[in-house]
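Descriptive analysis of the structure
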Amino acid sequence: MPSANPLRRMPVQQRSAERLTRILDACAALLDETGYEDLSTRDVAARAGVPIGSVYRFFGNKRAMAEALAARNLDGYAQRITERIAALPAADWRGVVDAVLDEYLAMKRTVPGFALVDFGHRIPLAAPASGANHEVADRLAELLGTHLGRTVDASLRRATLVAVEAADALLQLAFRVGPSGDPEIIAETRELLYAYLARVLD
């Protein structure tokens, strides 16, 4: 699970923020090329075109760098969903489910490093999947509650967490079966989420 703040220090100036972005972009690209085990801070610095000291100014090690990438992914994911559901009718929770699935699939297929790190629990030797999934579920429950105009109570949080855990397991299966995600398993995942969430949201 991404830690609350994997950065040693937050960038203050725009130049520093741009440097951090380059470092994380380089980290993502190298994850796709080499995997996590062969990822090194020195290679990231070289790919980003920054001194190695710049990497260590922000991160103590490669794990912290991958955690920061996972946190950036989650922020980007939430932003994509927020923009998409803004155009949906307030009662259309199935449209929200579609947005949640479709945006995850789009990031899985197109965002560098996402296939390995996504929101944190793909990092080898990381915390169990449930850690990152709890954070994802909390963010999604808040978005769903806001969109539907309902209180984000324990029941909604629990249902969202169960849905996230189920979707996570099934989407992992879909991408093991096919490199772009088996469409039939993805369709079954969508129907499963509709059926499960209907008892809470209808």
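Not measured: the values here are computed from a predicted model. (Residues numbered from 1 in each chain as written. Predicted model: local features only at pLDDT ≥ 70, side-chain atom pairs only at ≥ 80, totals over all residues. Heavy atoms only, no water.)

**Describing the overall build of the protein**
Scanning the protein from terminus to terminus reveals 9 helices and 0 strands. When the elements of the protein are put in sequence order from the N terminus, they spell out α-α-α-α-α-α-α-α-α. Taken over the C-alpha trace, the protein has a radius of gyration of 18 Å; the compact-globule value for 202 residues is 17 Å, and the two agree within 12%. Dimensions of the protein, computed from the C-alpha atoms along their principal axes, are close to 55 × 40 × 30 Å. For the protein, with 202 residues in total, the buried portion stands at 47%. Counted over contacts in the protein with a minimum sequence separation of 6, partners at least 24 positions apart contribute 67%. For the protein, the accessible surface area stands at approximately 10000 Å², while carbon and sulfur atoms represent 54% of it. Charged side chains in the protein number 24 positive and 26 negative. The centres of these two groups are separated by 8 Å. (Helix = DSSP H or I, 4+ residues; strand = E, 2+ residues; numbered from the N terminus. Rg over C-alpha atoms; globule rule 2.2 N^0.38 Å. Buried < 20%, exposed > 50% of the residue type's maximum accessible area, 1.4 Å probe, protein only. Contact = heavy atoms within 4.5 Å. Areas by Shrake-Rupley, 256 points an atom, 1.4 Å probe, with all protein chains shown as cover. Lys, Arg positive; Asp, Glu negative; His and termini not counted. Charge placed at Lys NZ, Arg CZ, Asp CG, Glu CD.)

**Concerning the packing of aromatic side chains**
Using the criterion set out here, one finds 7 aromatic pairs in the structure. Ring centres of phenylalanine 58 and phenylalanine 59 lie 6.3 Å apart, and the angle between their planes is 55°; on these two criteria the pair is classed as tilted. Phenylalanine 59 shares its class with phenylalanine 58; the two are buried. Here the aromatic rings of tyrosine 77 and phenylalanine 119 are separated by 5.0 Å at their centres, their planes lie at 35°, and the arrangement is tilted. Here phenylalanine 119 lies in the loop between α6 (114-117) and α7 (129-148) and tyrosine 77 lies in helix α4 (residues 62-85), a separation of 42 residues in the sequence. When its relative accessible area of 3% is taken as the criterion, tyrosine 77 is described as buried. Here phenylalanine 119 falls in the buried class, since its relative accessible area comes to 4%. Members of the aromatic cluster, joined through ring pairs, are Tyr77, Tyr104, Phe114 and Phe119. Sitting above the plane of the tyrosine 36 ring, lysine 62 keeps its charged end 4.6 Å from the centroid. Over the ring of phenylalanine 175 we find lysine 108; its NZ or CZ atom is 5.1 Å from the centre of that ring. (Phe/Tyr/Trp six-rings, centres within 6.5 Å; stacked < 30°, edge-to-face > 60°. Lys NZ or Arg CZ within 6 Å of the ring centre and 35° of its normal.)

**As for empty space enclosed by the protein**
Following the criterion strictly, the structure yields 1 cavity of 30 Å³ or more and no others. Roughly 350 Å³ of internal volume is contained in the largest cavity. Lining the largest cavity are 25 residues, with Tyr77, Val100, Leu140, Val164 and Ala167 positioned closest to its centre. Those elements giving two or more residues to the lining of the largest cavity turn out to be α5 (93-110), α7, α8 (154-177) and α9 (183-201). Here the residues of the lining of the largest cavity sort into 18 nonpolar, 4 polar and 3 charged. (1 Å grid on protein atoms, 1.4 Å probe; cavity = no way out; pocket = protein on both sides within 12 Å on 5 of 7 lines; lining within 4 Å. Points joined across faces, edges and corners; volume = space filled by probe spheres on them. Nonpolar A, V, L, I, M, F, W, Y, C, P; charged D, E, K, R; others polar.)

**Structural notes on the environment of alanine 29**
Counting through the fold element by element, alanine 29 comes out in helix α1 (residues 14-34). The exposure class of alanine 29 is partly exposed, given its relative accessible area of 22%. Considered as a pair, alanine 29 and arginine 157 are 128 residues apart in the sequence and their alpha carbons are 34 Å apart. Setting aside anything within four residues of it in sequence, one finds alanine 29 in contact with Arg47 and Pro112.

**Overview of the packing of α4 against α5**
The contact between α4 and α5 brings their axes to 9 Å, and the two run at 135°. Relative to α5, the element α4 is oriented oblique. Here the hand of the crossing between α4 and α5 comes out right-handed. Here α4 contributes Asn73, Tyr77, Arg80, Ile81, Arg84 and Ile85 to the contact with α5, which in turn contributes Val96, Asp98, Ala99, Val100, Asp102, Glu103, Tyr104, Ala106 and Met107. (Axes fitted to C-alpha atoms, helices over the stretch in contact; angles between N-to-C directions. Parallel < 35°, antiparallel > 145°, perpendicular 65-115°, else oblique. Left-handed = near helix turned anticlockwise from the far one by under 90°.)

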